Amino acid sequence: MKNEEKSAANGNNQNIPWEDFVKFVRQLSHDLRNQLNAAELQSALINELTNDEELKSEARRLRELVSQLGVTLQGLSTSVAEPRPTLLPYTVQDFITDLQKKIGHEFPEKGSAVKWNISSPGATLNIDPQLTEWAASELFRNAFRHDMAGDGLQVEASVADKCFTFCIRESKASEIDPTQWMQPLQKVSHGHYSLGWRRARTIIAAHGGELTTRFDPASRMLISTITLPCSPERA
């Protein structure tokens, strides 16, 4: 019995390589999506075979639910996959403008509270706009999702020494440990799996940049910073 308990304890403490976890998520997502596709086809068939309007309405609702599950699974697969950016020349001004529109669309009630301080808007980055904007937006999602002390966020964007720096400052009521977000699956809740920060960091790293987050006890500010290299010819 003791040997069995020891073996079980060793199994519980086993660290699964990230690559194996990614393979598992991909395969599970693939298998479940196949079943969801079959369920969606069945609901479409029911909708065609019946003249009962109430049943048709329920069949449409079922298809919407199944479709949403598929979107969730696709998002989960994307969140663990390694990014493959397609690099394009993109000015800081265009990046900030698109990001402001994205934040305003995703957070219409909170986006207006963001204070933007932008300098060197004419500098050019070499980025995948969609991926980079997603990574920057994840910082806003985290900020709005967790309790902030104060009226809004302070955003600073600047260029110095051929390097673009994008910094978000958010005041906190109490001291926090940002490392709680850095390890995948550490804080799991409905619809959230602690995978966003890791994906944001890998996206920025794939562009030759860096994403860091730290808490400043003196100002009680959580400071998240993205640094990216500018295009040499136009920095």
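It should be emphasised that the depicted structure is a prediction, and the values quoted were computed from it without experimental measurement. (Residues numbered from 1 in each chain as written. Predicted model: local features only at pLDDT ≥ 70, side-chain atom pairs only at ≥ 80, totals over all residues. Heavy atoms only, no water.)

A. Quick look at helix 3 (residues 53-80). Along its 28 residues, helix 3 runs 41 Å from first to last C-alpha, staying within 8% of the 40 Å computed at 1.5 Å per residue. Among all positions of helix 3, only Lys-56, Ala-59, Val-66, Gly-70, Leu-73, Ser-77, Ser-79 and Val-80 are buried. As for helix 3, its buried residues are in contact with helix 2 (18-49) and helix 6 (196-206). N-capping of helix 3 is provided by Asp-52, with a side-chain oxygen placed 2.9 Å from the backbone N of Glu-54. (Helix = DSSP H or I, 4+ residues; strand = E, 2+ residues; numbered from the N terminus. Expected span 1.5 Å × (residues − 1). Buried < 20%, exposed > 50% of the residue type's maximum accessible area, 1.4 Å probe, protein only. Contact = heavy atoms within 4.5 Å. Polar contact = N/O pair within 3.5 Å; in protein donor to acceptor, adjacent residues only side chain to side chain.)

B. Looking closely at the confidence of the model for the protein. Per-residue pLDDT for the protein averages 82, and the proportion of residues at 70 or more is 85%. Confidence, read as mean pLDDT per element, is least for helix 1 (residues 2-12) in the protein (49) and greatest for strand 3 (residues 124-127) (94). Here residues 5-9 is modelled with pLDDT under 50, and outside its nearest four sequence neighbours on either side it reaches 0 contacts, counting other chains as well. (pLDDT = per-residue confidence, 0-100.)

C. Quick look at the packing of helix 5 (residues 129-145) against helix 6. Helix 6 packs onto helix 5 with a crossing angle of 145° between their chain directions and a minimal axis gap of 9 Å. Pair helix 5 / helix 6 crosses with left-handed handedness. Contact with helix 5, carried on its side by Leu-131, Thr-132, Trp-134, Ala-135, Glu-138 and Asn-142, involves Gly-196, Trp-197, Arg-199, Ala-200, Ile-203 and Ile-204 of helix 6 and no other residues of that element. Looking at the contact of helix 5 with helix 6, its residues break down into 7 nonpolar, 3 polar and 2 charged. (Axes fitted to C-alpha atoms, helices over the stretch in contact; angles between N-to-C directions. Left-handed = near helix turned anticlockwise from the far one by under 90°. Nonpolar A, V, L, I, M, F, W, Y, C, P; charged D, E, K, R; others polar.)

D. View of the side chain of Thr-213. Positionally, Thr-213 belongs in strand 6 (residues 210-216). Looking at Thr-213, its side chain comes within polar contact range of the side chain of Trp-197, at 3.2 Å. Within the structure, the side chain of Thr-213 is placed 3.3 Å from the side chain of Ser-224, a separation counted as a polar contact.

E. Highlighting helix 4 (residues 92-106). In this model, helix 4 (15 residues) spans 21 Å end to end at C-alpha, consistent with the 21 Å of a helix rising 1.5 Å per residue. Inspection of helix 4 places Val-92, Phe-95, Ile-96, Leu-99 and Ile-103 among the buried residues, and these make up the whole buried set. Down the axis of helix 4, the buried set is contained in an arc of 90°. They therefore lie on one face. In this structure, helix 4 carries Lys-101 and His-105 as exposed residues pointing more than 90 degrees from its buried face. For helix 4, the elements touching its buried residues are strand 1 (88-91), strand 2 (115-118), strand 3, helix 5, strand 4 (154-160) and strand 5 (163-171). (Arc of directions from axis to C-beta.)

F. Region of the structure containing the nonpolar core. Counting residues in each nonpolar core, the largest one holds 33 residues, and the members touching the most others are Phe-95, Phe-140, Phe-164, Phe-166 and Ile-226. Those elements that provide at least two residues to this core are helix 4, strand 3, helix 5, strand 4, strand 5, helix 6 and strand 7 (221-229). When residues of this core are assigned to their parent elements, the largest contribution, 7 residues, is made by helix 5. Beyond its immediate stretch of four places on either side in the chain, Phe-95 contacts Tyr-90, Ile-127, Thr-132, Glu-133, Ala-136, Phe-164 and Phe-166. Judged by nonpolar contacts, the second largest core, of 5 residues, contains Phe-21, Val-22, Val-25 and Val-80. (Core = buried A, V, L, I, M, F, W, Y, C linked by side-chain atoms within 4.5 Å.)

G. Region of the structure containing the pattern of salt bridges. Evaluation of the coordinates by the stated rule reveals 5 salt bridges. In this structure, Lys-102 and Glu-106 form a salt bridge, with 3.5 Å as the shortest nitrogen-oxygen distance. Here Lys-102 pairs with Glu-106, and both are found in helix 4, just 4 residues apart, close to one helical turn. In this structure Lys-102 comes out as partly exposed when scored by relative accessible area, which is 27%. A salt bridge links Arg-141 to Glu-138, with the nearest nitrogen and oxygen atoms 2.9 Å apart. One end of the pair is Arg-141 and the other is Glu-138, both in helix 5 and 3 residues apart, which spans about a single turn. Like Glu-138, Arg-141 is buried. Ionic contacts of the salt-bridge type, sharing partners, join the residues Lys-102, Glu-106, Glu-138 and Arg-141 into one network. (Salt bridge = Lys/Arg side-chain N within 4 Å of Asp/Glu carboxyl O.)

H. Region of interest: the packing of aromatic side chains. Under the criterion given, the structure shown has 6 aromatic pairs. A ring pair is formed by Phe-95 and Phe-164, whose centres lie 6.0 Å apart and whose planes are at 85°; its orientation type is edge-to-face. On the criterion of sequence distance, the pair formed by Phe-95 in helix 4 and Phe-164 in strand 5 is long-range, its members being 69 residues apart. In this structure Phe-95 comes out as buried when scored by relative accessible area, which is 2%. Overall, Phe-164 belongs to the buried group, its relative accessible area being 0%. (Phe/Tyr/Trp six-rings, centres within 6.5 Å; stacked < 30°, edge-to-face > 60°.)

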